[in-house]
Amino acid sequence: MRLRQLPRATWILFGGTFVNRFGTFVMPMLALYLTRNGYSIAQAGIAVSAYGAGHIASSMLGGHLADRFGRRNTIALSMFASGIAMLALSQARGYPAILACTFFAGSAAELYRPASSALIGDLVAPEQRVLAFGIYRFAVNLGVAAGPATAGFLADRSFFYVFLGDAVTSIAYGFIALIALPQGVRTAAHEEIAGEGYRAALADRRFVMFLLATLCLTWVDFQMTSTLPIHVQRQGFSALHYGMLISLNGALIVIFELALTMWTQRLPPQPLIAIGYFLNCIGFAFTGLARTMPALAVTVVIWTIGEMIYAPVTGAYVTNLAPERLRGRYHGLYVMAYSIGLMLGPAIGTAVFERSETALWTACGVSGVVAAMLALVKPRVLI
């Protein structure tokens with residue numbers, strides 16, 4: 001019944017998001033594409049980092065555009081620009097051109113995120129937001145789970161089809177947005193001076209503490225794709241075993257997260273975020289003690305449970321904290337916190353791992369404790 005109560009426009013948003021995430025073909029294949037074309041592993045890594053840098057650049061801009069020019073317009077702009085960027089990247093030949101196109105692709109492809117989250121806040125009643133963000137995540141995860149296999153199928157025939165498929169699905173979502181999505185809340189330019197919205201968001205102490213907690217989480221979370229595979233290999237296991245662990249994470253999310261969200265939506269958000277952040281980080285901390293596949297699988301279950309607890313709640317929490325006219329910018333700052341984790345997490349993790357693996361996993365646990373404490377902070381009530 002609760003699912004039926006969600007507005008029709010949210011289901012269009014979920015469907016368009018699935019189309020877009022299913023068609024995210026290029027990024028999972030970018031390193032392979034570059035190495036096959038004669039570039040080194042290090043050069044491929046720099047190119048992937050350029051995408052992450054574009055993600056950071058687009059997060060605050062996306063939040064600004066979502067509030068000033070409307071959610072629908074920002075989503076459509078992101079999708080059309082992403083399609084153009086993917087086609088441009090397919091034709092780039094020199095390494096500087098590839099880096100420039102990859103940065104542009106990262107900026108364009110991620111511009112829509114604050115607008116999508118803000119639009120959910122516009123459309124859905126407060127008591128339904130946790131569930132709505134849970135379904136939104138389900139659409140993202142389902143698309144991400146199905147897309148890479150299709151990308152591999154296309155890459156075996158021609159890498160150009162990978163770029164073309166990514167561009168086509170992005171442009172398709174752009175048209176879906178323009179035709180079927182509502183505009184959402186929009187703030188007129190004359191209503192505020194430049195930068196006022198972000199200053200107001202950063203003056204919100206509870207939100208700032210949440211952002212700091214999120215930074216403590218995200219650098220740990222991105223150990224999944226950086227130091228975790230190295231640890232698995234050091235224990236004598238293959239890439240197949242690592243893939244099975246990551247698949248376990250995805251399977252648990254697809255099977256259990258929505259059911260868990262139906263329960264957690266009734267509970268206060270801050271304790272849930274604190275528990276989720278702590279479990280996610282402590283799960284990675286236990287990786288240092290895991291030497292067998294069953295033990296490694298247990299650690300994956302722990303940090304996945306943490307992810308399933310906090311992820312649907314955080315989107316609703318940010319929406320509920322934000323004044324209506326600043327929803328896009330609040331979500332832009334939240335996306336930026338994740339983007340910083342994407343940029344710094346693998347670099348920090350591998351640097352510490354190289355010197356002391358024990359120090360890395362211990363730092364993950366400590367970071368989880370700090371994240372939980374920050375997530376529970378409430379502003380003082382002045383009398």
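(A) A look at the overall build of the protein. When you go through the protein residue by residue, the secondary structure sums to 16 helices and 0 strands. Against the compact-globule benchmark of 21 Å for 383 residues, the protein has a radius of gyration of 20 Å, which places it among compact chains. Dimensions of the protein, computed from C-alpha atoms along their principal axes, come out at roughly 55 × 50 × 40 Å. Taking all 383 residues of the protein together, 52% fall into the buried category. Entry remark: accessible area of the protein is about 16300 Å², with carbon and sulfur atoms responsible for 70%. Distance between charge centroids for the protein: 2 Å, based on 26 positive and 16 negative side chains.

(B) Geometry of the packing of aromatic side chains. Scanning the model with the defined rule gives 14 aromatic pairs in all. A ring pair is formed by Tyr277 and Tyr310, whose centres lie 4.9 Å apart and whose planes are at 85°; its orientation type is edge-to-face. You can see Tyr277 sitting in helix H13 (residues 269-285) and its partner Tyr310 sitting in helix H14 (residues 293-321), a full 33 residues away along the chain. The burial state of Tyr277 is the same as that of Tyr310; both residues are buried.

(C) Structural detail: the nonpolar core. In this structure, Ile75 and Phe210 are the most contacted members of the largest nonpolar core, which totals 76 residues. The element best represented in this core is H14, accounting for 11 residues. Excluding residues that lie within four positions of it along the chain, Ile75 makes contacts with Leu13, Tyr112, Ala115, Ser116, Leu119, Tyr173, Ala177 and Leu181. Judged by nonpolar contacts, the second largest core, of 27 residues, contains Leu30, Ala92, Tyr95 and Ala151.

(D) Representation of the packing of helix H15 (residues 327-355) against helix H16 (residues 357-375) in the model. Between H15 and H16, the shortest axis-to-axis distance is 5 Å and the interhelical angle comes to 135°. On the basis of their axis angle, the class for H15 and H16 is oblique. Between H15, through Gly349, Val352, Phe353 and Arg355, and H16, the contact on the second element is made entirely by Glu357, Ala359, Leu360 and Trp361. A breakdown of the residues in the contact of H15 with H16 according to their chemical character gives 5 nonpolar, 1 polar and 2 charged.

(E) A look at H15. The terminal C-alpha atoms of H15 lie 42 Å apart, and with 29 residues this matches the ideal 42 Å at 1.5 Å per residue to within 8%. Most pronounced at Leu344, the bend in H15 amounts to some 35°, and the proline Pro346 follows within four residues.

(F) Fine view of the state of the cysteines. With the rule as written, the count across this model stands at 0 disulfides. Cys216 takes part in no disulfide bond, and the closest cysteine sulfur, belonging to Cys281, lies 7.7 Å away. On the basis of relative accessible area, Cys216 is assigned to the buried category, the value being 16%. For Cys364, which is in no disulfide, the shortest distance to another cysteine sulfur is to Cys281 and amounts to 6.9 Å.

Cut-off values and rules
Residues numbered from 1 in each chain as written. Predicted model: local features only at pLDDT ≥ 70, side-chain atom pairs only at ≥ 80, totals over all residues. Heavy atoms only, no water. Helix = DSSP H or I, 4+ residues; strand = E, 2+ residues; numbered from the N terminus. Rg over C-alpha atoms; globule rule 2.2 N^0.38 Å. Buried < 20%, exposed > 50% of the residue type's maximum accessible area, 1.4 Å probe, protein only. Areas by Shrake-Rupley, 256 points an atom, 1.4 Å probe, with all protein chains shown as cover. Lys, Arg positive; Asp, Glu negative; His and termini not counted. Charge placed at Lys NZ, Arg CZ, Asp CG, Glu CD. Phe/Tyr/Trp six-rings, centres within 6.5 Å; stacked < 30°, edge-to-face > 60°. Core = buried A, V, L, I, M, F, W, Y, C linked by side-chain atoms within 4.5 Å. Contact = heavy atoms within 4.5 Å. Axes fitted to C-alpha atoms, helices over the stretch in contact; angles between N-to-C directions. Parallel < 35°, antiparallel > 145°, perpendicular 65-115°, else oblique. Nonpolar A, V, L, I, M, F, W, Y, C, P; charged D, E, K, R; others polar. Expected span 1.5 Å × (residues − 1). Bend = angle between axes of the 7 residues up to and from the residue. Disulfide = S-S within 2.5 Å.

Any link to function would need more than the numbers given here.
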